[in-house]
Every structure is written in structure tokens, then in C-alpha cells.
Amino acid sequence: MPFINDVIEDNKKLNDESKSMLDGSRATRFRFDPDQAIALLKTRIIGQADMHDSIADMLHVVKADFGSGERPLAVFLFVGSTGVGKTETVKVLTEAILGSASQMCRIDMNTLAQEHYTAALTGAPPGYVGSKENHTLFDFEKIEGTYSKPGIVLFDEIEKSSKEVARALLNVLDSGRLELSAGTKRLNFNNCLIFMTSNEGARELDGYRRKFESGWRKYLGHRPCRTKEQEILNHALQKKFDLEFINRIDRIVFFEELGHHFLDDILSVELVMLNKRLARHQVSIKLDDTARQYLVGRHDPRFGARHLRRRIRAHLEPELARALNADPGCSSFLATCHSEKLIVCPD
Ligand SMILES: Nc1ncnc2c1ncn2[C@@H]1O[C@H](COP(=O)(O)OP(=O)(O)OP(=O)(O)O)[C@@H](O)[C@H]1O
Ligand SMILES: [Mg+2]
């Protein structure tokens, strides 16, 4: 007997086909709005113009639904230094398309640092313990998605996995298939957006870009050259990964270091998120200029937005918690800075 979900999916398929025959509109099975997804991404991920452009291109192509169906819908590698928004981008995109970040299948590749961990993805080979159970870190349902929504997979921090583990993914990236070692089950990634993140090459590329920020290059108005940047990145990636692996990636997107000029916007994003959490207790908080300056003032770009988050957690949240506990009836708070100390008081 078919599962109720299969029946619903089949009905959707028939509905779409008959609707497009009646009104002459072109049928696309996908039910998500690329523009809405991109708008959410732009409010949550500050800067990273290359990423916004390439995700927008990809979402429109996927939605148009003319892919071959013989490989994943998209394969992206996000490269950049720590705390610049690589993982967060995939979370926000999943939220925009599937309703919640928990709907993606996330594999933390740093847990697969030794070659025998390949079995964590492909299952144990025949004759080994667990081979019959088809144990794998992949969540079948999240990978395969549904008729109207793609699945989303994130291989996070791929450079930390062993080369053998990365090699096990070659077929996934190419033909969208992964046969589990026991030979009894095959995973299908052809309705799936695949994202990978890595820090590889970020340091070299940032070093190259920094040369143009001062000295004679700046004086003469020289700018970093795109082909040279690509060369540096490719060189670093090729040192780390097999050429076959890199060759199967549709798009490599470089995430820039988050300079001072982005901080105020990132702080606003963090405050919106904090206020969302506080709204559960019917409470809100505002920051005056001195408090904002205190939080963004000592930013170290090497640590990305995580540094700012840490300052919020270490300096703002404890003060807010104290003020909340001292005055449980108050619903509106203001943070301000006095003689180098952050203070939160009822507004
Ligand atoms: N560009 C950005 N805009 C807004 N917030 C950001 C941005 N980049 C990072 N953040 C914030 O910093 C946190 C950490 O970012 P994220 O996990 O995406 O870092 P990452 O680039 O994956 O770094 P790592 O290589 O260390 O994993 C996020 O949860 C988010 O709150
Ligand atoms: Mg990350």
C-alpha cells in the first residue's frame, strides 16, 4: 500500500500538469519563491555580495526546473575565513526554502578526520558489524526532499575530513548517487542542493588582498586582480583536494573578511535575533549610540562576526539578565555605556 505522502505528491504532480494544460502557464514543480529567499538572505547575511549573486542565480535556475535530473540540483563550495557567514548562509537558505534550519541534513566533516570514517557516510562494508543496518550519517528524507521542495545537504568544514572521505563523495557530486557499501540501498541526491564549506585558501587570499590596502599599490590605485585571486584560491584548493573533486563543484564562492564598515549592520541583525528571543517573555531591548560603539569598537576582523557575538554574550546579555531579574515587571530596556561599562536599565 502506498504511503499517504506518496499519494499526496502524485496528486500534486497531476494537479500541476492539468493546471498548466488548462491555463497555458509553464509548470514548475517547485513551490518556493527565489526572490523571497534572497530577500531573507540579504537581511540576515551582511556583505558577501558574490554569495548573494550566485545564490540568486542558482535559485532561479532551480525554480525554472529544466535540469537533467541526473545530478544534484546544485553543488556549491563556500570558502572563507572563520565567522564570515558560510554556515549561517546555508541555515538561512534552508529556513527560507524549507521553513526551518533543522530541515537540512548537516554533516560535520571535522568528525570524519580518519579514512575509516568513510563508513560513517557509506555504511559498513559486507561482513562488518552494522553492514546489514545501513547505518549512515545521511538522513534519507532530508536529502531526497519532496516533489515541491529540494533537499538541502551541508558538508561543513570539508577540509577537516580525510581525503578518503572526500573521495567517497565523488559520485554524489557527479551523478547524485551513493550506493551504501552493503549494496542494499542507494541514496539519491538528484533533488538536492549540496553545499560545502571550507577555510582552505582563505588566509592566502586575504593576505593577497591586504597588500592593496596600504603601501605603493594603494598609492598607485592598484586593485586586487580577479584572475590572480582565482589562481591563489585554486592553488590552495588543489593542494588540499583531488582535481576530480574540485572539478565536480558548480560554483566556488569566496566569502570576504568582515571589515569595520559591516559591523553596525551585523550588530543590528544580532539585536533583531535577540529581540525575537526576548519577545517570548514580552520584553525588548534597545541600544543607544554609546552602547553600540562599545560593542563594535574593539572588533578584530580575524575572528569575523563571532567576535561581535561573543561581546554581546559576554557584556550585554549578563547586564540584561540582571536588569530583567531585578525588575520582572518591566518590558522595555535600554543599554548604554558609562565610563567604559555597559549598563542596562528600564527604558
Ligand atoms: N556576514 C554575516 N552577516 C551577519 N551575521 C554573520 C555574518 N557572518 C557571520 N555572522 C554571524 O556569526 C556567526 C558565525 O557565522 P558562521 O557560522 O556562518 O561562520 P563560518 O563562516 O561558517 O565560520 P567557520 O569557518 O568558523 O565555521 C553566525 O551565527 C552569525 O550570527
Ligand atoms: Mg562554519
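Definitions and cut-offs
Residues numbered from 1 in each chain as written. Chains lettered and ligands numbered in written order. Predicted model: local features only at pLDDT ≥ 70, side-chain atom pairs only at ≥ 80, totals over all residues. Heavy atoms only, no water. Patch = residues over 30% accessible without salt bridge, like charges linked within 9 Å, V, L, I, M, F, W, Y side chains within 5 Å. Areas by Shrake-Rupley, 256 points an atom, 1.4 Å probe, with all protein chains shown as cover. Salt bridge = Lys/Arg side-chain N within 4 Å of Asp/Glu carboxyl O. Helix = DSSP H or I, 4+ residues; strand = E, 2+ residues; numbered from the N terminus. Pairing = 2+ DSSP bridges. Near = heavy atom within 4 Å. Polar contact = N/O pair within 3.5 Å; in protein donor to acceptor, adjacent residues only side chain to side chain.

So, on to a nonpolar patch on the surface. A cluster of nonpolar residues, Trp216, Tyr219 and Leu220, forms a patch on the protein surface that exposes about 440 Å² of accessible area. Within the secondary structure, tryptophan 216 sits in helix H10 (residues 215–219).

Time to look at the pairing of strand E9 (residues 332–338). Here strand E8 (residues 284–287) pairs with E9 via four bridges, running parallel. Each bridged residue has a counterpart across the sheet, and for serine 284 the counterpart in E9 is serine 332. Both E9 and strand E10 (residues 341–346) contribute to a ladder of six bridges, which runs antiparallel. Among the inter-strand pairings, histidine 338 is bridged to a residue of E10, identified as lysine 341. Counted along the chain from E9 to the antiparallel partner E10, the turn is two residues long, and its residue serine 339 has a positive phi close to 35 degrees.

By nearness alone, 19 residues border ligand 1, and Thr82, Gly83, Lys86, Thr87 and Arg306 come closest of all. Separating an oxygen atom of ligand 1 from a backbone N or O atom of valine 84 is a distance of 3.1 Å. Between ligand 1 and the protein, one listed contact pairs an oxygen atom with a side-chain N or O atom of arginine 306 at 2.8 Å. With the chains in place, 93% of the 630 Å² that ligand 1 exposes on its own is no longer accessible. Contributions of two or more residues to the shell around ligand 1 are made by helix H4 (86–98), helix H13 (263–279) and helix H15 (305–326).

So far we have only geometry, and geometry alone does not tell us how the molecule works.
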